[in-house]
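Descriptive analysis of the structure
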Amino acid sequence: MSKRYFVDVMPNKDGKYRVLQEDSETREPLGVKDFDTKEEAQRVADDMQRGIDNASSEITTGDLPDIGDDSNTADDSEFKDTLQDLKNTTSQD
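Now for a quick tour of the structure. Since we're looking at a predicted model, the values are computed, not measured. (Residues numbered from 1 in each chain as written. Predicted model: local features only at pLDDT ≥ 70, side-chain atom pairs only at ≥ 80, totals over all residues. Heavy atoms only, no water.)

With respect to the pairing of strand β2 (residues 17-23)
Rules: Using a 1.4 Å probe on the protein chains alone, a residue whose accessible area is under 20% of its type maximum counts as buried, one over 50% counts as exposed, and one in between counts as partly exposed. Helical segments are the DSSP runs of H or I of at least four residues, strand segments are the runs of E of at least two, and each set is numbered from the N terminus. Only when DSSP finds a minimum of two bridges between them are two strands counted as paired.
Within β2, 6 of the 7 residues are buried, which leaves the element mostly enclosed by the surrounding structure. Two elements, strand β1 (residues 3-7) and β2, share 5 bridges in a ladder whose sense is antiparallel. In the strand pairing of β2, K3 is matched with D23. Following β2, the chain reverses through 6 residues before pairing antiparallel with strand β3 (residues 30-35); R27 in that reversal takes a positive phi of roughly 60 degrees.

Pasting the structure below:
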């Protein structure tokens, strides 16, 4: 479902310009907020649309590699530098 923000063409009965929200499924505009000037309403509608566009345009960085038995991190010891290892190397006993 995508959303679209825009300014109603005509002012309402109070003489204010209404920013409307419309979703792609219902196509029914819902009033979001009223403004005194059309310019202010348009600026807010543009900002809201830009915000929703940025939030919905997720950029992927690629697929994550599969974790398997053939990893390059396999060493002689599976648990290297554990707390016990560190204690044994730093202990002054």
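Back to the text.
Remarks on the packing of aromatic side chains
Note the cut-off: Only Phe, Tyr and Trp rings take part, Trp by its six-membered ring, and two of them pair if their centres are within 6.5 Å. Stacked means planes under 30 degrees apart, edge-to-face means over 60, and tilted covers everything else. Ring-over charges, as used throughout, are those where CZ of Arg or NZ of Lys falls within 6 Å of the ring centre and within 35 degrees of the ring normal.
In this structure the tally under the stated criterion is 0 aromatic pairs. Looking at R4, its charged tip hangs above the ring of F6, at a distance of 4.2 Å from the centre.

A look at the nonpolar core
What tends to happen in soluble globular proteins is that the nonpolar side chains get buried as a cluster. What counts, and what does not: Definition used in this section: a nonpolar core is a set of buried Ala, Val, Leu, Ile, Met, Phe, Trp, Tyr and Cys residues joined via side-chain atoms within 4.5 Å. Contact definition: two residues touch when any of their heavy atoms are within 4.5 Å.
The biggest cluster of nonpolar side chains holds 7 residues, and these are Y5, V7, Y17, V19, F35, A41 and A45. Secondary-structure elements contributing two or more residues to this core are β1, β2 and α1 (38-56). If we skip the residues at most four places from it in the chain, Y5 touches L20, Q21, V32, A45, M48, Q49 and I52.

Points about the environment of N12
Condition: Between N or O atoms, a polar contact is any pair within 3.5 Å; within protein, one atom must be a potential hydrogen donor and the other a potential acceptor, and residues adjacent in sequence are included only when both atoms are from side chains.
Considering the arrangement of structural elements, one finds N12 in the loop between β1 and β2. Since its relative accessible area comes to 21%, N12 is described here as partly exposed. Between the alpha carbons of N12 and D34 there is a distance of 8.6 Å; along the sequence they are 22 residues apart. Those residues in contact with N12, other than ones at most four positions away along the chain, are R18 and D34. A distance of 3.1 Å separates a polar side-chain atom of N12 from the backbone nitrogen of D14.

Considering the sheet that holds β3
Which entries qualify depends on this criterion: Note on definitions: angles span 0 to 180 degrees between N-to-C directions of axes, and those axes are lines fitted to C-alpha atoms, for helices only across the stretch in contact.
In space, the 3 strands of this open sheet follow the order β1-β2-β3, with antiparallel pairing throughout. Each edge of the sheet is formed by a strand with only one pairing partner; in this case those strands are β1 and β3. Neighbour-to-neighbour, the strand axes of this sheet turn through a mean angle of 20 degrees, independent of strand direction.

So, the environment of V32
When you line up the elements, V32 lands in strand β3. On the accessibility criterion, V32 (37% relative accessible area) is partly exposed. Those residues in contact with V32 that sit more than four places away from it in its chain are Y5, V19, L20, Q21 and M48.

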